[in-house]
Each structure stands twice: as C-alpha cells, then as structure tokens.
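Close look at the chain arrangement
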Amino acid sequence: MKKNKYISLNIKLVVFILVVIIILSLSFLYDFKTISYINGESERVHIASELRWKALELMWSIMESSESRDLLLGEYTEKNIENYLKRLDKIIHAIKEGDDTMGLPPLKNKDTLLLYEDVFVKWEAMKSVIHKMVGSSATIAIKTIKQNDGTMRDFVQTLDKFVNHIQMDYRNRLKHLYIVKYNMLAFFLLMTFLSFIVMRTIVLRPVLKLIEGVRRVSEGNFDTEIVLKNNDEIGELGIHFNNMAAALKVSFTELENFASNLEQKVKERTYELEYAKIQAEQANKIKSSFLANMSHELRTPLNSIIGFSQVLIDGLYGALNDNQRLYTENILKSGDHLLKLINEILDLAKVESGKVELEKNLCRVRDIIEMSVIMLKEKALKQSIRLTTEIAPDADMEILADYGRLKQVLFNLLSNAVKFTPAGGSVKITAIVKSPPGSGNFIEISVNDTGIGIKEEDLTKLFTEFTQLDSSYKKRYEGSGLGLAFSKKLVELHGGTIGVESVFGKGSRFYFTIPAVTMYNTKSESQ
C-alpha cells in the first residue's frame, strides 16, 4: 500500500518546542540585559549620590585643618586631600567609563552623557575651589567658600539632576521589564490555551472518534467507518482502522458461514456417534450375554478334558509310556491354561457389564497379604526368588472390603512380579497408610520387584485388555494380558486407584490404594 504524504506529529511537536525555546531564550536574554543594566545604573546612582557628600565632607575637613595652628597637621591634611581628590576623580571617570571593581558598566545613554559632561565641568570648578582652600587660613577659606557659593550650589544641583535622571531611567527600564514579563505571561497563557485547542482538534478529538469506533466494532458493528481530516499519523491510523473494520466484517461473515456449516456437521457427527454408541452398547450386551450363556458350554467339556487327562496321568486305567505321559501332561497343562483364560474373560465381562457386586466385610490387611504370599511362596522358592513383606504398624488394621477380590488383585500383581523376576531376584510387598489432603485415609499396598522392568513408552499400555508389551514376552512368558486390566477394574470398584513405577532393566513397583474404611467409619456415617 502506498504511503500517504503527511506532516508528522513529531515534526509538528519539534517545531512547536523550537518556537517556545526561541521565545523563552529571547525573553531570558532580554531579562538578563535589562536586569544587568538596572543593577549597573542603581550602583551608578549610589556612587553619584555619595559623591556630593564626599565633596562637602572634603571641604569641611579643609575648614577644620585651616583653623588648626599645627603645621604638621596641616601638611598631613594637604597630602590626604590630594589623595582624596584623586579617588574622587577616579569615581567621576568610573561613572562615565565604567569600572568592574565597582560593578559599573560604561555610560551609553546619550541624554545621561550630556548631563554627565555638565557634572564633570562643575566638578572641575569644585576642584579649583578646593585647591584654593588648601593651605589657606581659616579666614581666607571662609572667604573662598563665600565667593564660590554659586559654584558649589551648581555642582550639587547638577549632580542631583544627574542622579534623578539615572533613577528615572532605570525606573522606566524596570517598568518596561514588568510590562514585558506580564506580556510574556499572557503570551504563554494564550499559547497554553491555543495548544489545548490544537491538541483537542488534531489529537484528542480524533482519538475519541477512534475509541468510539473501536467500541462499535467490539459490539459487532463492523460497518463502522471513521472520517478523520488529520494529515498525520492519526489520519493514517484512521485509514488503517477503516481497512481493519472492513477486513473484520469479511472475516466475521466467513466465520458465521463456517460456524453454521460446522454446527450442521456437529449435529450430523453427533447423530453418527450416538448411533455408533448405541450399536456398541448393543454389541457389548450381546457379547456379555454370549459369554455368560456360553460359560457352562465352554467349561463343561474343558473340565472333562482336564479330569480325564488327570485320570490318565494318575494311571487309574493302566500305566502310560513316556510319550503318552508327555502328551497327556501337555493336554492337561493346555486345558488348565485355557480354563484360566476363559475364567478371566468371563470375570472381565461381568465387571464391564456391571454384574460383579462386591461382598464387603471386615478383613485384615495382613491376612490378604499373607494368603497371597502363601499361594506363590512355593513357586518363588523354585525360581530362587526371595519373597518378603513389610506392613507398617498403622496399616495393620481391619478394613471394609471384598476379601476375595482384593486377594485376587494382589495375587495377580505378585504372580506377575514372580513371573518377570529372574532367579536370584527379590519381590517385596509393603503396606502403608496414606492421607492425601481432603481425601481421607487410604491403605497403599505395593509390590516391588527386581525384574526386567518396563520401558517408559509402554507404561500406558499396561492396564489395557489382551495386551503384552513386547512380542518377545509372548514366547518367554505365558499370559493373556487380562490380569492387570481386571485388577484395575476391581480396585476402582472399591473406590481406589492402581498404578506403576518402573525402570527398564532394574525392576518395577506396582501399587494400589483402597479407602481405609472400617466398621467404625461406616457406623459414624450412618448416624
């Protein structure tokens, strides 16, 4: 998009600041010069005023010395008078030429210079009278004063006129300075007011329009258009705002169309999912019904196969040769495995269909653990696996649970630990009490082994039905993959949780928690 040419707000601001700085600089320069002039003239008035009294004081000292008959005093007075006259001459010249030590600038005013020339002439006449009086007797001095009374009066009057002129001049300057100050104050007040008007016109009012436009757009009115006459960044902002509003309108229209189509698609998809859910539920019911109905038909022939195989192995109908015994033992072993698999499938189907009901009674945690250990102790000894238990004192308690189901869960975990632990390893069962904040007390039973361990990426697959983690395990270890899935559902029926921690190649820790609900807790809740 082509950029519009405009006068930037930054340039306007810089120009405004430069104008203000220039005006302030000129004002300060004028103030400095005027105040310096006034200070100099004030000091000139002070020195000129003192000059009259110093001249009269000099004449008075001459009169006193002329009345004295002490020659030494007279000589000393004459020398002092000469020095005094030199100092007064210096002051007279400093009044015109200026003197840094006295803080006097040179005299430049033409009218004041003319008066000064008159003062200088009269001062020269005064000096002549003073010289006539020096060394004279009192009589001659008095006579000289009387004869030159007009000269002295002219000097004093001329000097007063000079002083009054200077005073009037610096008063006028001071008055003019105040007028300039007041004008500057009025100018800055006017500038402030004009700046407010300008800022309101070129900044505030357009910004308020933009805010109003943003409010309308936020309310969904995408037809909003802002017209700004600014030829600067704010004007360009208004153009971009209008472009944005137009783009939002197009996007919102497309979004509405998409939402409408999406809503229709969601409805269609929801219908399909509901239909699929109904079909799945029906299939699950059919599966559960099939398994429940077929349990008798599956178990009866299997029990016959297992029973007759055991009869043949026991030799009740005659001795078997080695090959016959081997084949019959294989039949018995396969039948037992198949019966176990069918029982696990039926149990899992019952849990999923909600047909399993827990028979909760008071049972001791220690009994559940010890009975499970007894069932696997012989197998562990054959594989040289050390089987130990550790029950915390506070965990050695009675809980309200289904004894048989909990023993089944712990047996599944223990049998897996023994199965996957190599010879010389160890399996340890522990029981502790845990109290999560706001959740009550739980009994945690864990099975720790030093077996082959589980890879981290396989941990999430453990409690899934019909799953073994590695294809190589199927060859080395028998199993349907239903034990952990079934155990998980039994633990959840008790209101607990089950989990696993494992390091591949070092061992695993399977644990489950059961609410530590006792008969006392149950009575308290019912009351």
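Residues numbered from 1 in each chain as written. Predicted model: local features only at pLDDT ≥ 70, side-chain atom pairs only at ≥ 80, totals over all residues. Heavy atoms only, no water.

This part is about the side chain of Ser487. In this structure, Ser487 sits in helix 11 (residues 483–493). On the basis of relative accessible area, Ser487 is assigned to the buried category, the value being 0%. Engagement of the side chain of Ser487 in a polar contact is seen with the side chain of Asn412, the distance being 3.0 Å. Leaving out residues up to four positions away in the same chain, Ser487 has contacts with Val409, Asn412 and Ile498. (Helix = DSSP H or I, 4+ residues; strand = E, 2+ residues; numbered from the N terminus. Buried < 20%, exposed > 50% of the residue type's maximum accessible area, 1.4 Å probe, protein only. Polar contact = N/O pair within 3.5 Å; in protein donor to acceptor, adjacent residues only side chain to side chain. Contact = heavy atoms within 4.5 Å.)

Moving on: the packing of aromatic side chains. For any pair of aromatic rings, the description consists of the separation of the ring centres together with the inter-plane angle of the planes. One pass over the full model with this rule turns up two aromatic pairs. Their ring planes at 70° and their centres at 5.5 Å tell us that Phe187 and Phe188 sit as a pair that is edge-to-face. Exposure remark for Phe187: the relative accessible area of 27% places this residue in the partly exposed category. Classification of Phe188 by relative accessible area gives partly exposed; the value is 23%. When the ring centre of Phe504 is taken as reference, the NZ or CZ atom of Lys455 above it lies at 5.4 Å. (Phe/Tyr/Trp six-rings, centres within 6.5 Å; stacked < 30°, edge-to-face > 60°. Lys NZ or Arg CZ within 6 Å of the ring centre and 35° of its normal.)

In this section: the side chain of Thr430. Considering the arrangement of structural elements, one finds Thr430 in strand 4 (residues 426–434). Within the local environment of Thr430, its side chain forms a polar contact with the side chain of Ser446, the two groups lying 2.4 Å apart.

Attention now moves to the confidence of the model for the chain. Low pLDDT marks regions whose predicted coordinates should not be analysed in detail. Here the chain shows a mean pLDDT of 78. Residues at 70 or above account for 83%. Overall, residues 69–73 carries pLDDT values under 50, and its contacts beyond four positions in sequence, including any with other chains, amount to one contact. Ignoring residues within four places in sequence, the model shows residues 471–475, a span with pLDDT below 50, making five contacts including any to other chains. (pLDDT = per-residue confidence, 0-100.)

Sheets are built from strands that pair by backbone hydrogen bonding, the pairs being arranged parallel or antiparallel. Taken in spatial order, the five strands make up an open sheet running 2-4-5-7-6, and their pairing is mixed. Two strands close off the open sheet at either side, each with one partner strand: strand 2 (386–391) and strand 6 (497–503). If you compare each strand with its neighbour and ignore which way they point, the axes differ by 15° on average. Strands strand 2, strand 4 and strand 5 (442–449) of the sheet are contacted by helix 8 (residues 365–382), whose axis makes an angle of about 175° with strand 2. (Pairing = 2+ DSSP bridges. Axes fitted to C-alpha atoms, helices over the stretch in contact; angles between N-to-C directions.)

This next bit is on the nonpolar core. Ranked by internal contacts, the top residues of the largest apolar core, which has 41 residues, are Ile399, Leu410, Leu414, Ile429 and Phe512. For this core, the element with the highest residue contribution is helix 9 (residues 403–419), accounting for seven residues. Apart from residues no more than four positions distant in its own chain, Leu410 is found in contact with Ile368, Ile369, Ser372, Ile429, Ile445, Val447 and Phe512. The next biggest cluster of nonpolar side chains, apart from the first, holds 31 residues, and it includes Leu107, Trp123, Met152 and Leu159. (Core = buried A, V, L, I, M, F, W, Y, C linked by side-chain atoms within 4.5 Å.)

Right, let's get into the pattern of salt bridges. Under the criterion given, the structure shown has 13 salt bridges. A salt bridge links Asp396 to Arg364; the nearest nitrogen and oxygen atoms lie 3.4 Å apart. In this pair, Asp396 is assigned in the loop between strand 2 and strand 3 (398–401) and Arg364 in strand 1 (residues 361–364), connecting sequence segments 32 residues apart. Its relative accessible area of 31% is what places Arg364 among the partly exposed residues. Taken together, the salt bridges that share partners define one network made up of Arg364, Arg366, Glu370 and Asp396. (Salt bridge = Lys/Arg side-chain N within 4 Å of Asp/Glu carboxyl O.)

Take a positive patch on the surface next. Taken together, the side chains of Arg200, Arg205, Lys209 and Lys229 define a basic patch exposed on the protein surface. Turning to its location among the elements, Lys229 is positioned in the loop between helix 5 (149–218) and helix 6 (233–314). The class for Lys229 is exposed, based on a relative accessible area of 81%. (Patch = residues over 30% accessible without salt bridge, like charges linked within 9 Å, V, L, I, M, F, W, Y side chains within 5 Å. Areas by Shrake-Rupley, 256 points an atom, 1.4 Å probe, with all protein chains shown as cover. Lys, Arg positive; Asp, Glu negative; His and termini not counted. Charge placed at Lys NZ, Arg CZ, Asp CG, Glu CD.)

Moving on, we come to helix 9. Along an α-helix, residues three or four apart share an orientation, since each turn contains 3.6 residues. End to end, helix 9 covers 24 Å across 17 residues, agreeing with the expected 24 Å (1.5 Å per residue, within 8%). Residues of helix 9 that are buried: Leu406, Val409, Leu410, Asn412, Leu413, Leu414, Ser415, Asn416, Ala417 and Val418. If you check the start of helix 9, you find a side-chain oxygen 3.3 Å away from the backbone N of Gly404, and it comes from Asp402. (Expected span 1.5 Å × (residues − 1).)

We now examine the environment of Leu159. Structurally, the position occupied by Leu159 is in helix 5. Linking Leu159 and Ala48, residues 111 residues apart in sequence, is a C-alpha distance of 7.2 Å. Beyond its immediate sequence surroundings of up to four residues, Leu159 is in contact with Ala48, Leu51, Arg52 and Val119.

This next bit is on the packing of helix 3 (residues 110–133) against helix 5. Helix 5 packs onto helix 3 with a crossing angle of 155° between their chain directions and a minimal axis gap of 9 Å. As summarised for this structure, helix 3 and helix 5 are arranged roughly antiparallel, according to the angle between their axes. As for how helix 3 packs across helix 5, the hand of that crossing is left-handed. Residue-level contacts link Asp111, Thr112, Leu115, Tyr116, Asp118, Val119, Lys122, Trp123, Ala125, Met126 and Val129 of helix 3 to Thr151, Met152, Asp154, Phe155, Thr158, Leu159, Lys161, Phe162, His165 and Ile166 of helix 5. (Parallel < 35°, antiparallel > 145°, perpendicular 65-115°, else oblique. Left-handed = near helix turned anticlockwise from the far one by under 90°.)

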